[in-house]
Amino acid sequence: MSRNLFLIMATSLLSMSSQAAPALPTITPDNPFYAASTLPYQLPPFDRIKDADYAPAFADGMRQQLTEMRAIADNSAKPTFDNTLVAMERSGRLLNRVSEVFFNLSGTNTNPVMQALERDLAPKLSAHRDAIQLDGKLYARIDKLYEQRTTLALDPQSLRLLERVHTDFVRAGAPLPLASQQKLRDMNSQLASLATTFSQNVLNEINASAITVDTRAELDGLSDNAIAAAALAAKVRGLDGKYVLALVNTTGQPPASSLTNRALRQRLYDASTIRGSRGGEFDNRAIVLQLASLRADRAALLGYPSHAAYVLQEETAKNPAAVNQLLARLAPPAVANARVEGDAIQKIIDAEKGGFKLAAADWTFYTEKVRKARFDFDETQLRPYFELESVLQNGVFFAANKLYGLTFKERKDLPVYDPSVRVFEVFDADGKPLALFLADMYARSSKRGGAWMNSYVEQSDLFGTRPVVANHLNIPQPPDGEPTLLTFDEVTTAFHEFGHALHGMMSNVRYPTFSGTSVPRDFVEFPSQVNEMWSVWPEVLANYAKHYQTGAPMPKALLDKVLATRTFNEGFRTTEYLKAALIDQQWHQLGAGNMPTDVLAFEAEALKKAGVDYAPVPPRYRSTYFSHVFAGGYSAGYYAYIWSEVLDADTVEWFKEHGGLTRKNGDWFRQTLLSRGGSVDAMQLFRDFRGRDAKIEPLLVRRGLTAP
Ligand SMILES: [Zn+2]
């Protein structure tokens, strides 16, 4: 019963006692989920998995786990840590196997059959989770052990497991009267369905909002590669001879930075920002309101003033006031910086006799001009030095070798779910096998936007399992025969996601509940952000940033410029992020019965109230396509990136103070923090590593927010 799994399942129809009812399909021994995979590291047998295998595996997986939980709850022996907590950890293996694969593939390689199953499963899995966490007899055993916890002679990790599970049951509503519990079950079921519909609408809307362009002339400014990709995208859609600009999930759309045609930039921006709020079958406005309202109602039932208060109690932030305080401290200087950047852009527009006022759709295009004027280079000069294979092998893997002694060997003998996915076996410094790493780098229409890490198999001593983890990016596939040249942002993202992968791969804990990245949301981004530092570390950069045709290293002058421009446009970046974080908090700090009726008006008002309504910098996500917080696990949690960055920036300082890229430093970070997963309080882990609490100053300096 891993915590991650519970996070994946948004949250009930069957109760444990009345499970006899529906006739669900039954799993058979030829089903690839029937038993643990026999492939190395229990890698899922992707080549054997068919869409029809999921439903019976889920149905039996839930049945099996309920039977296991029933046996624990009905055990006539007195509750002990082993016959209750450990037995619970051991439960649900089949459900775990199928869930890890299904929810990973539904994010990376979905299809209409999987989407339909996902909608069908959401309320069932929610019911399943409630059937366990709202089981009175099971809770009574856990509660009894919890009362006795100081006398049970438990080791620290076991004690923490007991406390963790007890807290989870309390937060799920286990101590509430039966009538309230029934209400919770209904709410959880609805919430699960709504979140699924939200995320499917986002994906469908992205695909439906692609921009069709009639002539090549309109695409002036794009590279030949990008134009070829747009022609190919049109062909795939049956629009031969035209060009299609596919959208990504953020408000900002990459082609806007180079398109010289202002009208087309505006079309792209309008298509992006209206997603989910333009009527039609994929409109998410009503769903946003229902989700926000139901979350507030559920929080009230559980005794919290708002959903944010409920969520934040288990984060390192602890409460909304702490989050508000950080956001309020950062927002004014960030917006002030953005305004200065905007003024510089307006000067260029005016110098060119543009005759218009800077609008959001123009920002990235003119930012590139400012960059060029100020530093005499633009992004396109960098890309030839950022070829994907070199970034991965000579950059990302190289840094992990220098820090942790890891080595990587590609395994072409193992099955994958898409031909572009690559599998690497990872060996520890002593040569022992450590993990499998899957690199799924390319965008496709069956993959959701953004970049993320996930795991297929979690490390735990209890099961003797080693990790199988994956990184997912959305790098546009180049035309056949062309190299994959990355932007600087994509390079940074590759290092970032690999930081999560390291957190998963280096996990060394007993209980699956604590494995790898099973830490608070506002802590989980910290190790990944730290790993970004190596992308510009001179020794690493010199090793991977080589011209893809000549092999020449990136010229020192260009390199210095890259480093010098790192705080360039930071006002924009910080502001667009903070706007999204504020929108998330404002929705989720609403009390029950206090809901607005107009999503876009509420959003605009929220930004105005926070003093960040500077129109040329739009929020990174608007509510109707903000999957992190309305479909994913980041509700009331989008602030987590900058919260974690306080720890990150302070850690970067530590590495610099201690000589940077060395095995000694890497091993210390691994030993004190990366390997511990959620087995110790997160802030304690930080103190173990750093020797003190984090200081905010390094973050302020990095983001250029020190000015009064
Ligand atoms: Zn991340």
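As a reminder, the structure under discussion sits directly above these lines.
Residues numbered from 1 in each chain as written. Predicted model: local features only at pLDDT ≥ 70, side-chain atom pairs only at ≥ 80, totals over all residues. Heavy atoms only, no water.

## Comments concerning the pattern of salt bridges
Under the definition given, this model contains 40 salt bridges. Across the salt bridge formed by E410 and R422, the nearest N and O atoms sit 2.9 Å from each other. With E410 in strand β3 (residues 407-410) and R422 in strand β4 (residues 422-427), the pair connects residues that are 12 residues apart, well separated along the chain. Overall, E410 belongs to the partly exposed group, its relative accessible area being 26%. R422 sits in the partly exposed class, given a relative accessible area of 22%. In this structure, R703 and E645 form a salt bridge, with 2.6 Å as the shortest nitrogen-oxygen distance. In this pair, R703 sits in the segment after α27 (697-702) while E645 sits in helix α24 (residues 640-657), placing the two residues 58 residues apart along the sequence. Since its relative accessible area comes to 13%, R703 is described here as buried. Put simply, E570, R573, E645, D648, R702 and R703 are held in one network by salt bridges that share partners. (Salt bridge = Lys/Arg side-chain N within 4 Å of Asp/Glu carboxyl O. Helix = DSSP H or I, 4+ residues; strand = E, 2+ residues; numbered from the N terminus. Buried < 20%, exposed > 50% of the residue type's maximum accessible area, 1.4 Å probe, protein only.)

## Focus on helix α18 (residues 521-532)
Of all 12 residues making up α18, 10 are buried, and the element is well covered by its neighbours. Residues of α18 that are buried include every one of D522, F523, V524, E525, F526, P527, S528, Q529, V530 and N531, and no others. The inward-facing, buried residues of α18 abut α17 (488-505), α24, α25 (663-672) and α26 (682-690). (Contact = heavy atoms within 4.5 Å.)

## Some remarks on the coordination of the zinc ion
Distances from the zinc ion to its protein donors, H496 (NE2), H500 (NE2) and E525 (OE), fall within 2.1 Å. Expressed as a motif, the donor residue spacing for the zinc ion is H-x3-H-x24-E. Taken together, the positions of H496 and H500, both in helix α17 and four residues apart, correspond to about one turn of that helix. Taken individually, H496 and H500 each receive the classification buried, so the pair is uniform in this respect. (Donors = N, O, S within 2.8 Å, 3.2 Å for Na, K, Ca; no water.)

## Here's the deal with the nonpolar core
F386, F437, F498, M505, W534, M554 and W587 are the most contacted members of the largest nonpolar core, which has 142 residues in total. Sort the elements by how many residues they give to this core and helix α13 (residues 320-351) lands first, with 12 residues. Not counting chain neighbours up to four residues away, the residues in contact with F386 comprise V391, T484, L485, L486, T487, F488, V491, Y544, A545 and M554. M62, L95, F102 and M114 belong to the second largest nonpolar core, which has 31 residues in total. (Core = buried A, V, L, I, M, F, W, Y, C linked by side-chain atoms within 4.5 Å.)

## Considerations on the packing of α25 against α26
Remark: α25 packs on α26, axes separated minimally by 9 Å, with the N-to-C direction vectors making an angle of 150°. With respect to each other, α25 and α26 are oriented roughly antiparallel. Of the two possible hands of crossing, α25 and α26 adopt the one that is right-handed. Across the interface between the two elements, W668, F669 and T672 of α25 pack against L685, D688 and F689 of α26. Considering only residue class, the contact of α25 with α26 consists of four nonpolar, one polar and one charged. (Axes fitted to C-alpha atoms, helices over the stretch in contact; angles between N-to-C directions. Parallel < 35°, antiparallel > 145°, perpendicular 65-115°, else oblique. Left-handed = near helix turned anticlockwise from the far one by under 90°. Nonpolar A, V, L, I, M, F, W, Y, C, P; charged D, E, K, R; others polar.)

## Notes on helix α21 (residues 570-588)
Two residues of an α-helix separated by three or four positions point the same way, owing to the 3.6 residues in each turn. Relative to the 27 Å expected for 19 residues at 1.5 Å per residue, α21 spans 27 Å between its end C-alpha atoms, a close match to the ideal helical length. For α21, the tally of buried residues reaches 18 of 19 residues, placing the bulk of the element in the interior. (Expected span 1.5 Å × (residues − 1).)

## Some remarks on the pairing of β4
The element β4 is extensively covered by neighbouring structure, given that five of its six residues are classed as buried. Summarising the sheet, β3 and β4 pair through four bridges and their orientation is antiparallel. Opposite F408, over in β4, you have V426 as the bridge partner. The sheet contact formed by β4 and strand β5 (residues 433-442) spans six bridges and is antiparallel. Bridge pairing in β5 places E425 opposite L436. Between the antiparallel neighbours β4 and β5 lie five residues, among them G431 with a positive phi of about 85°. (Pairing = 2+ DSSP bridges.)

## Observations regarding the environment of P476
The topology assignment puts P476 in the loop between β7 (468-475) and α17. Through-space distance from the C-alpha of P476 to that of M441 is 8.9 Å; in sequence the pair is 35 residues apart. Setting aside its immediate chain neighbours within four residues, P476 contacts Y442 and E490.

## Side note on the side chain of S209
Structurally, S209 can be placed in the loop between α8 (178-208) and β1 (211-213). A polar side-chain atom of S209 sits 2.6 Å from the main-chain carbonyl oxygen of E205. Excluding anything up to four places from it in sequence, S209 contacts L247, A271, R275 and R278. (Polar contact = N/O pair within 3.5 Å; in protein donor to acceptor, adjacent residues only side chain to side chain.)

## Describing the packing of aromatic side chains
Aromatic rings in a pair are described by how distant their centres are and how their planes are angled relative to each other. Summed over the entire model, instances satisfying the criterion amount to 45 aromatic pairs. What links up through ring pairs into an aromatic cluster is the set F523, F526, W534, W537, W654, F655, F669, F686 and F689. In this arrangement the basic side chain of R262 is found over the ring face of F356, its NZ or CZ atom lying 3.5 Å from the centre. Lying over the aromatic face of Y625, R275 brings its terminal NZ or CZ to 3.9 Å of the ring centre. (Phe/Tyr/Trp six-rings, centres within 6.5 Å; stacked < 30°, edge-to-face > 60°. Lys NZ or Arg CZ within 6 Å of the ring centre and 35° of its normal.)

## Comments concerning the sheet that holds β4
Strand pairing within a sheet occurs via backbone hydrogen bonds; the two strands may be parallel or antiparallel. In spatial order, the strands read β3-β4-β5-β7-β6; together these five strands make up an open sheet with mixed pairing. Looking at the sheet topology across the chains shown, the edges are occupied by β3 and β6 (452-457). Recorded for the sheet is a direction-independent mean angle of 30° between the axes of neighbouring strands. Where β5 lies against β7, six bridges are found, and the strand directions are parallel. Within the sheet, the bridge partner assigned to L438 lies in β7 and is A470. Seen against the sheet, helix α4 (residues 93-108) touches β5, β6 and β7 and runs at an angle of roughly 150° to β6. Set on the sheet, helix α16 (residues 388-404) makes contact with β3, β4, β5 and β7; between it and β4 the angle comes to about 20°.

## Observations regarding the packing of helix α5 (residues 112-133) against α8
At their nearest, the axes of α5 and α8 sit 9 Å apart, and the two run at 155° to each other. Taken together, the axis directions place α5 and α8 in an arrangement best described as roughly antiparallel. Here α5 and α8 pass one another in a crossing that is right-handed. Along its contact with α5, which presents Q115, E118, R119, A122, P123, S126, D130 and A131, the element α8 presents L184, R185, N188, S189, A192, S193, T196, Q200, L203 and N204. The class makeup of the residues in the contact of α5 with α8 is six nonpolar, eight polar and four charged.

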